[in-house]
Amino acid sequence: MPELPEVEVVRRGVGAHVLGRPVSRVEVLHPRAVRRHVLGGDDLSARLTGRTFTAACRRGKYLWIEVDGDEALLTHLGMSGQLLVQPPDAPDEKHLRVRFRFADSGTELRFVDQRTFGGLSLDDLVPVGAVHLPKPVAHIAPDPLEPVFEPDRVVERMRSRRTGVKRALLDQSLVSGIGNIYADEALWRAKLHFARPTATLTRPAVRRLFDAVGEVLDEALQQGGTSFDALYVNVNGESGYFDRSLAVYGQADRPCPRCGAPVRRDAFMNRSSYTCPVCQPRPRNGHW
DNA sequence: CCGCTGCCCTGCAGGC
DNA sequence: TGCCTGCAGGGCAGCG
């Protein structure tokens, strides 16, 4: 469940259900789910057994659970990953990849992932600036909901790029947590076309864009994230409701909520971009 | 260093 | 009915 609001919903669920509970058994049911754990599934399992989850943390779309304070079980949900808290007698999900049992014999933590783009690993925590991050997350920029996010600095970095504004929004080393849905929604709110060159944007325009990013992420989080189908759920298997508030994402041919013009879909980066052709005119000659 | 393409997977919808 | 293509919310290696 991919973008920041959905991952944050899962982080809160994990934090509420598995902290302080010693792990009694880890079953790795699909090797691809632990491919980023270099020493393999048996090692992951052995090193977690008997230890206790102490905190649930997140940066951008990465989620990790600190283990006794010095290591972290790092998770990326990829396109279709889920972390579910389930009673031990609940039937195995079709795409169950990793199961964590606890010494109290209560609920299990399950990693379920249809497309196996996501995965788990156990990593050392390293200091990065004012925070500690799992090593593979060290190069990921702060997300807009973190206290260490510095808007002015990110505005300048974005303006110094030589690329289109949507490509920059999706670059997790510039600002993290934004994926295809919230990029399109924020660009619509800021009335910017996805191909607008970052270098042609004024400082106030980029600031307005990041204001829009912050608003759309906050609103989505308040509604439990965006769920188009059963693949995107919280730890209890429940869907979010922000799909009802989407202005343009997935809304091809439906009216723009602001001006009524039909929303258009364009191919972009092997994916799709949705825009209002009136509110977000395509830039011409590298300008607008 | 930076920007960009291709690829890793499974499942579903729609066209033929 | 079944086969094929295109598409899906992500990230990374490797290229120029």
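For the structure itself, consult the block above.
Here the structure is a predicted model, which is why all the values come from computation and not from measurement. (Residues numbered from 1 in each chain as written. Chains lettered and ligands numbered in written order. Predicted model: local features only at pLDDT ≥ 70, side-chain atom pairs only at ≥ 80, totals over all residues. Heavy atoms only, no water.)

## Some details on the protein's contact with DNA strand B
Thought 1: Taken together, Arg-32, Lys-94, His-95, Gln-114, Arg-115, Thr-116, Phe-117, Arg-161, Arg-162, Thr-163, Arg-167 and Asn-270 make up the full set of residues near DNA strand B.
Thought 2: Among the atoms of DNA strand B lying within 4 Å of the protein, the sugar-phosphate backbone contributes 68%.
Thought 3: Contact between DNA strand B and His-95: a phosphate oxygen at 3.3 Å from a side-chain N or O atom of the residue.
Thought 4: Within the contact set of DNA strand B, a sugar or linking oxygen lies 3.3 Å away from a side-chain nitrogen or oxygen of Gln-114.
Thought 5: For the surface near DNA strand B, the residue count by class is one nonpolar, five polar and six charged. (Near = heavy atom within 4 Å. Polar contact = N/O pair within 3.5 Å; in protein donor to acceptor, adjacent residues only side chain to side chain. Nonpolar A, V, L, I, M, F, W, Y, C, P; charged D, E, K, R; others polar.)

## Digging into the protein's contact with DNA strand C
Thought 1: The environment of DNA strand C is made up of 24 residues, and the closest members are Lys-61, Tyr-232, Tyr-249, Arg-271 and Ser-272.
Thought 2: Within 4 Å of the protein, the atoms of DNA strand C are drawn from sugar and phosphate moieties in a proportion of 54%.
Thought 3: At 3.0 Å from a phosphate oxygen of DNA strand C is found a side-chain nitrogen or oxygen belonging to Asn-180.
Thought 4: Contact between DNA strand C and Tyr-232: a base nitrogen at 3.1 Å from a side-chain N or O atom of the residue.
Thought 5: Contributions of two or more residues to the surface near DNA strand C are made by α5 (180–189) and β11 (271–275).
Thought 6: Counted by class, the surface near DNA strand C contains eight nonpolar, nine polar and seven charged residues. (Helix = DSSP H or I, 4+ residues; strand = E, 2+ residues; numbered from the N terminus.)

## Some words on the packing of α5 against helix α6 (residues 203–222)
What describes two packed helices is the angle between their axes and the distance between those same axes.
Thought 1: α6 packs onto α5 with a crossing angle of 125 degrees between their chain directions and a minimal axis gap of 8 Å. In terms of orientation, α5 and α6 fall into the oblique class. Handedness of the α5/α6 crossing: right-handed. Touching Tyr-182, Glu-185, Ala-186, Leu-187 and Arg-189 of α5 are Leu-209, Ala-212, Val-213, Glu-215, Val-216, Leu-217, Glu-219 and Ala-220, all from α6.
Thought 2: Looking at the contact of α5 with α6, its residues break down into nine nonpolar, no polar and four charged. (Axes fitted to C-alpha atoms, helices over the stretch in contact; angles between N-to-C directions. Parallel < 35°, antiparallel > 145°, perpendicular 65-115°, else oblique. Left-handed = near helix turned anticlockwise from the far one by under 90°. Contact = heavy atoms within 4.5 Å.)

## Some words on the sheet that holds strand β5 (residues 81–86)
Thought 1: Taken in spatial order, the four strands line up as β1-β6-β7-β5 in an open sheet, and their pairing is antiparallel. Looking at the sheet topology across the chains shown, the edges are occupied by β1 (23–28) and β5. Adjacent strand axes in the sheet meet at a mean angle of 15 degrees when their direction is disregarded.
Thought 2: Note that β5 and strand β7 (residues 108–113) share six bridges and pair antiparallel. In the sheet register, Gln-86 faces β7, and the bridge partner there is Glu-108. (Pairing = 2+ DSSP bridges.)

Read these as spatial facts, not as claims about activity.
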